[in-house]
Amino acid sequence: MPGNKLNIYNTLTRKKENFAPLHPPFVGMYVCGPTVYGDAHLGHARPAITFDIVYRYLLYLGYKVRYVRNITDVGHLENDADEGEDKVEKKARLEKLEPMELVHKYAESYHRNMAMLNVKSPSIEPFASGHIIEQIEMIKKILEHGYAYLSNGSVYFDIDKYKKSHTYGQLSGRNTEDVLTQTRELEGQSEKKSPNDFALWKKASPEHIMRWPSPWSDGFPGWHIECSAMSRRYLGEVFDIHGGGMDLLFPHHECEIAQSVGSGGKEPVRYWMHNNMLTINGQKMGKSLNNFITLDALFTGAHPLLEKAYSPMTIRFYMLQGHYRNPIDFSNSALQDAEKALAKLSSAFLLLQELKWEKPDGIVNEIEMKLENFGKECQAAMDDDFNTPRVIAAMFNVIGVVNDFKNKGFKQGVGQEAFENFRKTFTGYYSEVLGLKTEISAGAGGQFNELITAIVQAREKAKLEKDFKLADAVRNVLLQFGELKDTPQGPVFKQK
Ligand code: ZN
(Lines give C-alpha, C1' and ligand atoms only; values in the text may rest on other atoms or scores of the structure.)
Protein backbone atom coordinates (compact mmCIF):
# COMPACT_ATOMS: atom_id res chain seq x y z
CA MET A 1 0.00 0.00 0.00
CA PRO A 2 1.38 3.41 -0.91
CA GLY A 3 2.39 5.74 1.86
CA ASN A 4 1.53 3.66 4.87
CA LYS A 5 3.84 5.85 6.91
CA LEU A 6 1.92 9.02 6.21
CA ASN A 7 0.64 10.76 9.34
CA ILE A 8 -2.00 13.45 9.16
CA TYR A 9 -3.03 15.78 11.95
CA ASN A 10 -6.76 15.30 12.36
CA THR A 11 -8.53 18.40 13.63
CA LEU A 12 -11.36 16.25 14.95
CA THR A 13 -9.24 14.05 17.22
CA ARG A 14 -6.56 16.72 17.74
CA LYS A 15 -3.73 14.32 17.06
CA LYS A 16 -1.62 12.93 14.26
CA GLU A 17 -3.05 9.73 12.86
CA ASN A 18 -1.71 7.18 10.45
CA PHE A 19 -3.41 7.66 7.10
CA ALA A 20 -5.52 4.67 6.13
CA PRO A 21 -7.98 5.47 3.35
CA LEU A 22 -11.33 3.67 3.23
CA HIS A 23 -10.82 2.12 -0.20
CA PRO A 24 -7.13 2.12 -1.03
CA PRO A 25 -5.58 3.01 -3.42
CA PHE A 26 -8.49 5.43 -3.89
CA VAL A 27 -8.68 8.59 -1.81
CA GLY A 28 -11.65 10.94 -1.65
CA MET A 29 -10.80 14.51 -0.73
CA TYR A 30 -13.12 17.49 -0.44
CA VAL A 31 -11.89 21.05 0.07
CA CYS A 32 -14.06 24.12 0.55
CA GLY A 33 -13.31 26.41 -2.36
CA PRO A 34 -13.88 30.14 -2.74
CA THR A 35 -17.05 32.19 -2.77
CA VAL A 36 -16.47 33.98 -6.06
CA TYR A 37 -17.50 37.60 -5.93
CA GLY A 38 -14.19 39.40 -6.34
CA ASP A 39 -10.65 38.99 -7.65
CA ALA A 40 -8.62 36.18 -6.15
CA HIS A 41 -6.49 37.47 -3.28
CA LEU A 42 -3.72 36.32 -1.00
CA GLY A 43 -6.26 34.72 1.37
CA HIS A 44 -7.35 32.37 -1.41
CA ALA A 45 -3.82 31.24 -2.08
CA ARG A 46 -3.14 29.59 1.27
CA PRO A 47 -5.85 26.89 1.35
CA ALA A 48 -5.40 26.31 -2.38
CA ILE A 49 -1.64 25.74 -1.98
CA THR A 50 -2.01 23.75 1.26
CA PHE A 51 -4.37 21.21 -0.27
CA ASP A 52 -2.50 21.26 -3.57
CA ILE A 53 0.45 19.90 -1.57
CA VAL A 54 -1.73 17.22 0.03
CA TYR A 55 -3.11 16.28 -3.40
CA ARG A 56 0.33 16.26 -5.01
CA TYR A 57 1.92 14.17 -2.28
CA LEU A 58 -0.85 11.59 -2.32
CA LEU A 59 -0.43 11.30 -6.10
CA TYR A 60 3.34 11.08 -5.68
CA LEU A 61 2.86 8.19 -3.26
CA GLY A 62 0.76 6.40 -5.86
CA TYR A 63 -2.78 6.99 -4.57
CA LYS A 64 -5.63 7.59 -6.99
CA VAL A 65 -7.20 10.74 -5.68
CA ARG A 66 -10.61 12.18 -6.45
CA TYR A 67 -10.15 15.76 -5.39
CA VAL A 68 -13.35 17.82 -5.19
CA ARG A 69 -13.06 21.57 -4.63
CA ASN A 70 -16.29 23.51 -4.88
CA ILE A 71 -17.13 27.01 -6.02
CA THR A 72 -19.69 28.83 -3.89
CA ASP A 73 -21.86 30.94 -6.13
CA VAL A 74 -25.08 31.10 -4.15
CA GLY A 75 -26.30 31.29 -0.57
CA HIS A 76 -23.27 32.85 1.12
CA LEU A 77 -24.91 35.76 2.91
CA GLU A 78 -23.12 38.77 4.29
CA ASN A 79 -23.16 37.51 7.83
CA ASP A 80 -23.04 34.05 9.28
CA ALA A 81 -26.31 34.49 11.15
CA ASP A 82 -28.12 33.98 7.84
CA GLU A 83 -28.98 37.62 7.38
CA GLY A 84 -27.98 40.24 4.86
CA GLU A 85 -27.67 40.16 1.12
CA ASP A 86 -26.17 37.30 -0.88
CA LYS A 87 -22.53 38.25 -1.46
CA VAL A 88 -22.65 37.31 -5.14
CA GLU A 89 -25.92 39.07 -5.82
CA LYS A 90 -24.81 42.25 -4.07
CA LYS A 91 -21.57 42.47 -6.05
CA ALA A 92 -23.41 41.71 -9.29
CA ARG A 93 -25.74 44.62 -8.62
CA LEU A 94 -22.78 46.92 -7.96
CA GLU A 95 -21.01 45.82 -11.12
CA LYS A 96 -24.26 45.85 -13.14
CA LEU A 97 -23.84 42.22 -14.17
CA GLU A 98 -26.04 39.15 -14.06
CA PRO A 99 -25.06 37.14 -10.95
CA MET A 100 -23.87 34.23 -13.12
CA GLU A 101 -21.92 36.64 -15.32
CA LEU A 102 -20.13 37.88 -12.21
CA VAL A 103 -19.49 34.32 -11.04
CA HIS A 104 -17.99 33.45 -14.42
CA LYS A 105 -15.77 36.52 -14.39
CA TYR A 106 -14.33 35.85 -10.94
CA ALA A 107 -14.13 32.09 -11.31
CA GLU A 108 -11.92 32.79 -14.34
CA SER A 109 -9.79 35.17 -12.29
CA TYR A 110 -9.45 32.51 -9.59
CA HIS A 111 -8.49 29.80 -12.10
CA ARG A 112 -5.95 31.99 -13.86
CA ASN A 113 -4.30 32.97 -10.59
CA MET A 114 -4.26 29.39 -9.30
CA ALA A 115 -2.64 28.25 -12.55
CA MET A 116 0.03 30.92 -12.14
CA LEU A 117 0.69 29.60 -8.62
CA ASN A 118 0.97 26.14 -10.21
CA VAL A 119 -1.96 24.85 -8.16
CA LYS A 120 -3.27 21.72 -9.85
CA SER A 121 -6.83 21.77 -11.03
CA PRO A 122 -9.04 19.49 -8.88
CA SER A 123 -10.69 16.39 -10.33
CA ILE A 124 -14.16 17.91 -10.00
CA GLU A 125 -15.11 21.52 -9.36
CA PRO A 126 -18.83 21.60 -8.60
CA PHE A 127 -20.78 24.85 -8.41
CA ALA A 128 -23.37 25.17 -5.65
CA SER A 129 -25.94 26.54 -8.11
CA GLY A 130 -25.55 23.41 -10.22
CA HIS A 131 -26.53 21.16 -7.31
CA ILE A 132 -29.77 22.68 -6.02
CA ILE A 133 -31.62 19.36 -6.48
CA GLU A 134 -29.13 17.45 -4.32
CA GLN A 135 -29.36 20.14 -1.66
CA ILE A 136 -33.18 20.06 -1.63
CA GLU A 137 -33.10 16.26 -1.34
CA MET A 138 -30.77 16.45 1.63
CA ILE A 139 -32.90 19.10 3.37
CA LYS A 140 -35.94 16.84 2.89
CA LYS A 141 -34.08 14.03 4.65
CA ILE A 142 -33.06 16.29 7.55
CA LEU A 143 -36.73 17.33 7.92
CA GLU A 144 -37.83 13.68 7.83
CA HIS A 145 -35.42 12.88 10.64
CA GLY A 146 -36.81 15.72 12.68
CA TYR A 147 -33.71 17.89 12.88
CA ALA A 148 -35.10 20.84 10.95
CA TYR A 149 -38.24 22.94 10.97
CA LEU A 150 -40.12 25.16 8.59
CA SER A 151 -40.56 28.81 9.47
CA ASN A 152 -42.24 31.27 7.15
CA GLY A 153 -41.14 29.43 4.00
CA SER A 154 -37.54 28.97 5.22
CA VAL A 155 -36.05 25.80 6.69
CA TYR A 156 -33.72 25.90 9.70
CA PHE A 157 -31.58 23.25 11.31
CA ASP A 158 -32.71 22.62 14.89
CA ILE A 159 -29.51 22.61 16.92
CA ASP A 160 -31.13 22.12 20.33
CA LYS A 161 -33.01 19.05 19.08
CA TYR A 162 -29.88 17.68 17.45
CA LYS A 163 -27.85 18.19 20.62
CA LYS A 164 -30.24 15.97 22.59
CA SER A 165 -28.95 12.90 20.78
CA HIS A 166 -25.67 14.01 19.17
CA THR A 167 -22.62 16.01 20.05
CA TYR A 168 -22.34 19.34 18.31
CA GLY A 169 -19.18 21.42 18.42
CA GLN A 170 -16.76 18.50 18.59
CA LEU A 171 -14.66 19.67 15.68
CA SER A 172 -14.17 23.29 16.71
CA GLY A 173 -14.37 22.76 20.45
CA ARG A 174 -16.90 25.57 20.51
CA ASN A 175 -20.21 25.30 22.21
CA THR A 176 -23.34 27.07 21.16
CA GLU A 177 -23.30 29.38 24.18
CA ASP A 178 -20.45 31.29 22.52
CA VAL A 179 -22.64 31.82 19.51
CA LEU A 180 -25.46 33.25 21.57
CA THR A 181 -23.32 36.10 22.78
CA GLN A 182 -21.86 36.74 19.34
CA THR A 183 -25.07 36.86 17.40
CA ARG A 184 -26.31 40.31 16.71
CA GLU A 185 -29.83 39.38 15.79
CA LEU A 186 -32.58 41.50 17.20
CA GLU A 187 -34.93 39.77 19.61
CA GLY A 188 -38.27 38.90 18.13
CA GLN A 189 -37.25 39.56 14.53
CA SER A 190 -35.89 36.13 13.89
CA GLU A 191 -37.69 33.22 12.29
CA LYS A 192 -35.39 30.89 14.20
CA LYS A 193 -36.32 29.06 17.39
CA SER A 194 -32.82 29.67 18.66
CA PRO A 195 -30.03 31.92 17.34
CA ASN A 196 -27.85 28.79 17.17
CA ASP A 197 -29.97 27.37 14.38
CA PHE A 198 -28.78 27.87 10.84
CA ALA A 199 -30.58 28.15 7.51
CA LEU A 200 -30.88 25.15 5.22
CA TRP A 201 -33.25 26.94 2.85
CA LYS A 202 -34.15 30.60 2.72
CA LYS A 203 -37.34 31.98 1.22
CA ALA A 204 -36.36 34.64 -1.29
CA SER A 205 -37.58 38.19 -0.89
CA PRO A 206 -39.38 39.57 -3.98
CA GLU A 207 -36.27 41.44 -5.21
CA HIS A 208 -33.94 38.44 -4.79
CA ILE A 209 -32.75 37.25 -8.22
CA MET A 210 -31.09 33.88 -7.57
CA ARG A 211 -34.07 31.69 -6.67
CA TRP A 212 -35.28 28.17 -7.27
CA PRO A 213 -38.58 26.38 -6.61
CA SER A 214 -38.66 24.02 -3.65
CA PRO A 215 -41.34 22.23 -1.58
CA TRP A 216 -41.14 25.11 0.94
CA SER A 217 -40.83 28.31 -1.08
CA ASP A 218 -39.16 29.94 -4.03
CA GLY A 219 -35.78 30.54 -2.52
CA PHE A 220 -32.17 29.48 -2.25
CA PRO A 221 -30.06 27.10 -0.14
CA GLY A 222 -28.15 28.14 2.96
CA TRP A 223 -24.38 28.30 2.61
CA HIS A 224 -23.49 25.15 4.58
CA ILE A 225 -25.71 22.60 2.86
CA GLU A 226 -23.90 22.76 -0.50
CA CYS A 227 -20.71 21.16 0.82
CA SER A 228 -22.60 18.32 2.54
CA ALA A 229 -24.67 17.65 -0.57
CA MET A 230 -21.82 17.89 -3.08
CA SER A 231 -19.30 15.88 -1.05
CA ARG A 232 -21.91 13.12 -0.66
CA ARG A 233 -22.77 13.31 -4.36
CA TYR A 234 -19.17 12.85 -5.53
CA LEU A 235 -17.41 11.06 -2.66
CA GLY A 236 -20.14 9.10 -0.90
CA GLU A 237 -21.55 9.17 2.60
CA VAL A 238 -18.14 8.78 4.27
CA PHE A 239 -14.92 9.93 2.66
CA ASP A 240 -11.28 10.29 3.59
CA ILE A 241 -10.14 13.91 3.78
CA HIS A 242 -12.02 17.18 4.21
CA GLY A 243 -10.00 20.37 4.15
CA GLY A 244 -10.39 24.10 4.43
CA GLY A 245 -9.14 27.18 6.22
CA MET A 246 -9.32 27.38 10.00
CA ASP A 247 -11.87 30.17 9.62
CA LEU A 248 -14.32 27.56 8.29
CA LEU A 249 -14.11 25.31 11.35
CA PHE A 250 -17.01 27.09 12.95
CA PRO A 251 -19.75 27.29 12.00
CA HIS A 252 -19.31 25.96 8.44
CA HIS A 253 -17.67 22.57 9.04
CA GLU A 254 -19.51 21.99 12.28
CA CYS A 255 -22.76 22.52 10.36
CA GLU A 256 -21.60 20.13 7.63
CA ILE A 257 -21.21 17.32 10.18
CA ALA A 258 -24.62 18.04 11.71
CA GLN A 259 -26.28 18.06 8.27
CA SER A 260 -24.71 14.80 7.16
CA VAL A 261 -25.53 13.04 10.42
CA GLY A 262 -28.93 14.73 10.76
CA SER A 263 -29.99 13.50 7.33
CA GLY A 264 -29.60 9.93 8.54
CA GLY A 265 -26.01 9.52 7.48
CA LYS A 266 -22.81 8.73 9.29
CA GLU A 267 -20.03 11.07 10.44
CA PRO A 268 -18.91 12.04 6.95
CA VAL A 269 -15.16 12.61 7.28
CA ARG A 270 -12.23 10.46 8.40
CA TYR A 271 -9.55 13.18 8.50
CA TRP A 272 -10.39 16.84 8.95
CA MET A 273 -7.54 19.15 7.91
CA HIS A 274 -7.33 22.90 8.43
CA ASN A 275 -4.75 25.38 7.28
CA ASN A 276 -3.85 28.31 9.51
CA MET A 277 -4.43 31.92 8.54
CA LEU A 278 -2.14 34.59 7.13
CA THR A 279 -1.43 38.13 8.18
CA ILE A 280 0.11 41.08 6.36
CA ASN A 281 2.72 43.02 8.32
CA GLY A 282 1.31 41.38 11.44
CA GLN A 283 -2.28 42.41 10.76
CA LYS A 284 -5.28 40.42 9.64
CA MET A 285 -6.11 41.05 6.00
CA GLY A 286 -9.20 43.15 5.51
CA LYS A 287 -10.66 45.76 3.21
CA SER A 288 -11.00 48.24 6.10
CA LEU A 289 -7.27 48.00 6.92
CA ASN A 290 -6.24 48.82 3.35
CA ASN A 291 -4.07 45.72 3.27
CA PHE A 292 -6.32 43.65 1.08
CA ILE A 293 -3.96 42.45 -1.65
CA THR A 294 -5.18 40.65 -4.76
CA LEU A 295 -2.92 38.13 -6.41
CA ASP A 296 -2.85 40.21 -9.59
CA ALA A 297 -1.57 43.17 -7.53
CA LEU A 298 1.02 40.99 -5.86
CA PHE A 299 2.32 39.68 -9.20
CA THR A 300 2.56 43.20 -10.64
CA GLY A 301 3.51 45.17 -7.53
CA ALA A 302 0.44 47.40 -7.93
CA HIS A 303 -0.40 48.02 -4.27
CA PRO A 304 0.86 50.80 -1.97
CA LEU A 305 2.10 48.25 0.59
CA LEU A 306 4.32 46.48 -1.95
CA GLU A 307 7.87 47.61 -2.63
CA LYS A 308 7.96 45.57 -5.84
CA ALA A 309 6.26 42.78 -7.75
CA TYR A 310 6.60 39.23 -6.46
CA SER A 311 6.46 36.31 -8.82
CA PRO A 312 3.88 33.55 -8.31
CA MET A 313 6.62 31.06 -7.42
CA THR A 314 7.98 33.42 -4.77
CA ILE A 315 4.53 33.50 -3.17
CA ARG A 316 4.19 29.73 -3.41
CA PHE A 317 7.67 29.11 -2.06
CA TYR A 318 7.15 31.54 0.81
CA MET A 319 3.99 29.74 1.87
CA LEU A 320 5.75 26.37 1.72
CA GLN A 321 8.53 27.68 3.95
CA GLY A 322 5.95 27.61 6.75
CA HIS A 323 4.02 24.60 7.95
CA TYR A 324 0.37 24.77 6.92
CA ARG A 325 -0.84 24.58 10.55
CA ASN A 326 1.20 27.64 11.56
CA PRO A 327 0.19 31.23 10.92
CA ILE A 328 2.24 33.02 8.28
CA ASP A 329 3.03 36.71 8.00
CA PHE A 330 3.59 38.52 4.71
CA SER A 331 5.98 41.45 4.51
CA ASN A 332 8.24 42.88 1.84
CA SER A 333 11.38 41.75 3.64
CA ALA A 334 10.09 38.20 4.15
CA LEU A 335 9.11 37.92 0.48
CA GLN A 336 12.42 39.31 -0.69
CA ASP A 337 14.27 36.76 1.44
CA ALA A 338 12.08 34.02 -0.03
CA GLU A 339 12.83 35.29 -3.51
CA LYS A 340 16.59 35.03 -2.92
CA ALA A 341 16.32 31.60 -1.34
CA LEU A 342 14.18 30.32 -4.20
CA ALA A 343 16.64 31.69 -6.77
CA LYS A 344 19.40 29.70 -5.07
CA LEU A 345 17.30 26.55 -5.01
CA SER A 346 16.15 26.98 -8.63
CA SER A 347 19.74 27.42 -9.77
CA ALA A 348 20.70 24.14 -8.11
CA PHE A 349 17.67 22.47 -9.67
CA LEU A 350 18.56 23.70 -13.17
CA LEU A 351 22.18 22.77 -12.71
CA LEU A 352 21.20 19.27 -11.62
CA GLN A 353 19.11 18.80 -14.78
CA GLU A 354 22.14 19.54 -16.94
CA LEU A 355 24.83 17.59 -15.09
CA LYS A 356 26.22 14.55 -16.86
CA TRP A 357 27.50 11.81 -14.63
CA GLU A 358 31.12 10.81 -15.16
CA LYS A 359 32.93 7.81 -13.87
CA PRO A 360 34.65 8.84 -10.63
CA ASP A 361 38.16 7.86 -9.60
CA GLY A 362 36.71 6.57 -6.37
CA ILE A 363 33.45 6.48 -4.51
CA VAL A 364 33.13 8.82 -1.56
CA ASN A 365 30.81 7.08 0.85
CA GLU A 366 30.05 10.25 2.70
CA ILE A 367 28.60 11.86 -0.45
CA GLU A 368 26.69 8.72 -1.42
CA MET A 369 25.19 8.57 2.07
CA LYS A 370 24.22 12.21 1.92
CA LEU A 371 22.40 11.72 -1.38
CA GLU A 372 20.64 8.63 -0.13
CA ASN A 373 19.60 10.25 3.13
CA PHE A 374 18.17 13.17 1.19
CA GLY A 375 15.37 11.01 -0.22
CA LYS A 376 14.65 9.45 3.16
CA GLU A 377 14.53 12.83 4.85
CA CYS A 378 12.16 14.29 2.23
CA GLN A 379 9.79 11.38 2.62
CA ALA A 380 9.98 11.46 6.43
CA ALA A 381 9.22 15.18 6.35
CA MET A 382 6.19 14.82 4.09
CA ASP A 383 4.97 11.79 6.03
CA ASP A 384 5.06 13.96 9.14
CA ASP A 385 1.85 15.86 8.35
CA PHE A 386 3.15 17.40 5.10
CA ASN A 387 6.11 19.20 6.63
CA THR A 388 7.19 21.26 3.61
CA PRO A 389 9.65 23.51 5.52
CA ARG A 390 11.59 20.36 6.45
CA VAL A 391 11.70 19.27 2.79
CA ILE A 392 13.02 22.69 1.81
CA ALA A 393 15.67 22.49 4.54
CA ALA A 394 16.74 19.08 3.20
CA MET A 395 17.07 20.58 -0.27
CA PHE A 396 19.28 23.39 0.98
CA ASN A 397 21.43 20.78 2.68
CA VAL A 398 22.39 19.21 -0.65
CA ILE A 399 22.86 22.37 -2.72
CA GLY A 400 26.55 22.32 -1.82
CA VAL A 401 26.92 18.79 -3.20
CA VAL A 402 25.27 19.78 -6.48
CA ASN A 403 27.56 22.78 -6.83
CA ASP A 404 30.59 20.61 -6.11
CA PHE A 405 29.62 18.25 -8.93
CA LYS A 406 29.64 21.24 -11.21
CA ASN A 407 32.80 22.87 -9.89
CA LYS A 408 34.95 19.90 -8.98
CA GLY A 409 33.51 17.37 -11.38
CA PHE A 410 32.84 13.77 -10.48
CA LYS A 411 36.45 12.72 -9.87
CA GLN A 412 35.80 12.00 -6.25
CA GLY A 413 32.24 11.07 -6.38
CA VAL A 414 29.29 8.83 -6.56
CA GLY A 415 28.13 5.83 -8.50
CA GLN A 416 25.81 6.37 -11.44
CA GLU A 417 22.84 4.74 -9.74
CA ALA A 418 23.20 6.84 -6.61
CA PHE A 419 23.50 9.98 -8.71
CA GLU A 420 20.52 9.21 -10.98
CA ASN A 421 18.36 8.26 -7.98
CA PHE A 422 19.26 11.50 -6.29
CA ARG A 423 18.48 13.54 -9.40
CA LYS A 424 15.12 11.80 -9.75
CA THR A 425 14.24 12.35 -6.09
CA PHE A 426 15.29 15.98 -6.04
CA THR A 427 13.42 16.70 -9.26
CA GLY A 428 10.36 14.84 -7.98
CA TYR A 429 10.16 16.76 -4.72
CA TYR A 430 10.97 20.08 -6.36
CA SER A 431 8.53 19.97 -9.23
CA GLU A 432 5.93 17.30 -8.43
CA VAL A 433 5.53 17.44 -4.65
CA LEU A 434 6.31 21.10 -3.91
CA GLY A 435 5.03 22.11 -7.34
CA LEU A 436 7.78 24.63 -8.00
CA LYS A 437 8.41 25.86 -11.51
CA THR A 438 11.49 27.59 -12.74
CA GLU A 439 10.99 31.24 -13.49
CA ILE A 440 14.50 32.43 -13.88
CA SER A 441 17.72 31.63 -15.63
CA ALA A 442 20.58 30.07 -13.80
CA GLY A 443 23.01 32.57 -15.28
CA ALA A 444 21.44 35.99 -15.07
CA GLY A 445 21.76 37.94 -11.86
CA GLY A 446 20.57 41.10 -10.16
CA GLN A 447 18.26 43.59 -11.77
CA PHE A 448 18.61 42.06 -15.22
CA ASN A 449 17.30 38.80 -13.80
CA GLU A 450 14.33 40.59 -12.26
CA LEU A 451 13.54 42.23 -15.57
CA ILE A 452 13.76 38.94 -17.44
CA THR A 453 11.64 37.22 -14.79
CA ALA A 454 8.99 39.91 -15.20
CA ILE A 455 9.00 39.46 -19.00
CA VAL A 456 8.85 35.67 -18.70
CA GLN A 457 5.90 36.06 -16.31
CA ALA A 458 4.13 38.40 -18.72
CA ARG A 459 4.39 35.70 -21.37
CA GLU A 460 3.07 33.01 -18.97
CA LYS A 461 0.12 35.23 -18.10
CA ALA A 462 -0.63 35.90 -21.78
CA LYS A 463 -0.53 32.14 -22.44
CA LEU A 464 -2.99 31.48 -19.59
CA GLU A 465 -5.27 34.14 -20.97
CA LYS A 466 -4.94 32.46 -24.37
CA ASP A 467 -3.57 35.66 -25.88
CA PHE A 468 -1.08 33.80 -28.05
CA LYS A 469 -0.33 36.81 -30.21
CA LEU A 470 0.93 38.69 -27.17
CA ALA A 471 2.72 35.59 -25.85
CA ASP A 472 4.61 35.29 -29.16
CA ALA A 473 5.45 38.98 -29.18
CA VAL A 474 6.86 38.73 -25.66
CA ARG A 475 8.82 35.64 -26.65
CA ASN A 476 10.41 37.57 -29.52
CA VAL A 477 11.54 40.25 -27.09
CA LEU A 478 13.09 37.59 -24.85
CA LEU A 479 14.92 35.96 -27.73
CA GLN A 480 16.90 39.14 -28.26
CA PHE A 481 18.56 38.57 -24.91
CA GLY A 482 19.02 34.85 -24.91
CA GLU A 483 17.51 31.45 -25.34
CA LEU A 484 14.05 30.46 -24.03
CA LYS A 485 13.02 26.88 -23.50
CA ASP A 486 9.64 25.63 -22.28
CA THR A 487 10.21 22.62 -20.05
CA PRO A 488 7.69 20.55 -18.07
CA GLN A 489 9.04 22.34 -14.98
CA GLY A 490 8.42 25.77 -16.45
CA PRO A 491 10.13 28.20 -18.80
CA VAL A 492 13.90 28.37 -18.61
CA PHE A 493 15.75 31.38 -19.93
CA LYS A 494 19.45 31.45 -20.65
CA GLN A 495 21.29 34.66 -21.21
CA LYS A 496 23.30 35.01 -24.41
ZN1 ZN B 1 -17.60 24.16 2.46
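Structure shown above.
(A) Up close: empty space enclosed by the protein. According to the stated counting rule, one finds four cavities of 30 Å³ or more in the structure shown. Counted as a void, the largest cavity has a volume near 110 Å³. Of all the elements in the fold, those that place two or more residues in the lining of the largest cavity are α1 (42-61) and α10 (312-320). Sort the elements by how many residues they give to the lining of the largest cavity and α1 lands first, with five residues. For the lining of the largest cavity, the residue count by class is seven nonpolar, four polar and one charged. Each of domain 1 (7-275) and domain 2 (279-433) gives at least three residues to the lining of the largest cavity. Within this model, the second largest cavity holds a volume of roughly 80 Å³. When grouped by side-chain class, the residues that make up the lining of the second largest cavity number eight nonpolar, three polar and no charged.

(B) Layout of the side chain of Ser214. Within the fold, Ser214 resides in the loop between β9 (198-203) and β10 (219-221). Given a relative accessible area of 19%, Ser214 falls into the buried group. Polar contacts involving the side chain of Ser214 include one to the side chain of Trp201, which spans 3.3 Å. The contact partners of Ser214, leaving out residues within four places of it in the chain, are Ile136 and Trp201.

(C) Main features of the pairing of strand β4 (residues 64-69). Where strand β3 (residues 26-31) meets β4, six bridges bridge the pair, whose relative direction is parallel. Paired with Gly28 across the two strands is Arg66, which belongs to β4.

(D) Region of interest: unusual backbone geometry. Geometrically, the link from Pro24 to Pro25 is a cis peptide bond, its omega value of 5° lying close to zero. Along the chain, Pro25 turns up in the loop between β2 (15-18) and β3. Geometrically, the link from Phe250 to Pro251 is a cis peptide bond, its omega value of 0° lying close to zero. Mapped onto the secondary structure, Pro251 falls in helix α8 (residues 249-262). With a phi close to 60°, Arg14 is a non-glycine residue in the positive phi region.

(E) Layout of the coordination of the zinc ion. All of the protein donors around the zinc ion are Cys32 (SG), Cys227 (SG) and His252 (NE2); their distances to the metal are 2.0 to 2.1 Å. Along the chain, the residues that donate to the zinc ion are spaced as C-x194-C-x24-H. Remark: His252 occurs in helix α8 and Cys227 occurs in helix α7 (residues 225-235); sequence separation between them is 25 residues. Accessibility assignment for this pair places Cys227 and His252 in one class, buried.

(F) Summary view of the layout of surface pockets. Of the volumes computed, that of the largest pocket is approximately 1,400 Å³. Lining the largest pocket we find 42 residues, and of these Tyr37, His41, His44, Lys87 and Asp247 sit closest to its centre. If you list the elements that add at least two residues to the lining of the largest pocket, you get α1, β5 (77-79), α2 (87-95) and α8. Ranked by the residues each element gives to the lining of the largest pocket, the list is headed by α1, at five residues. Residues belonging to the lining of the largest pocket are distributed by class as follows: 17 nonpolar, 15 polar and 10 charged.

Cut-offs applied
Every chain is numbered on its own, with residues counted from 1 as its sequence reads. Selection of residues for local features in this predicted model requires a pLDDT of at least 70, selection of side-chain atom pairs for listing and counting requires 80 or more, and totals for whole chains, interfaces and linings are taken over all residues. For side-chain calculations, the full set of non-hydrogen atoms in the structure is used, while hydrogens and water are omitted. Method remark: on a 1 Å grid restricted to protein atoms, a set of points is classed as a cavity if a 1.4 Å probe fits but cannot get out and as a pocket if it is open with protein on both sides within 12 Å along at least five of seven lines; lining residues have an atom within 4 Å of a point. Grid points are joined across faces, edges and corners, and a volume is the space filled by probe spheres set on the points. Strands are runs of DSSP state E lasting at least 2 residues, helices are runs of H or I lasting at least 4, and numbering of each runs from the N terminus. Amino acid classes used here: Ala, Val, Leu, Ile, Met, Phe, Trp, Tyr, Cys and Pro are nonpolar; Asp, Glu, Lys and Arg are charged; the rest, including Gly, are polar. Where each domain begins and ends is defined by an automated method or by a domain database. Per-residue accessibility, obtained with a 1.4 Å probe over protein chains only, is compared with the maximum for each type, and a residue is labelled buried under 20%, exposed over 50%, and partly exposed between these values. Think of a polar contact as two N or O atoms within 3.5 Å of one another; within protein, one of them needs to be a possible hydrogen donor and the other a possible acceptor, and neighboring residues in sequence only count if both atoms come from side chains. Contact criterion: two residues are considered in contact whenever any of their non-hydrogen atoms come within 4.5 Å of each other. In this analysis, strands are considered paired if DSSP registers two or more bridges between them. Donors, by definition, are the N, O and S atoms found within 2.8 Å of a metal, the threshold being 3.2 Å for Na, K and Ca, and water is not counted, so a site can look incomplete.

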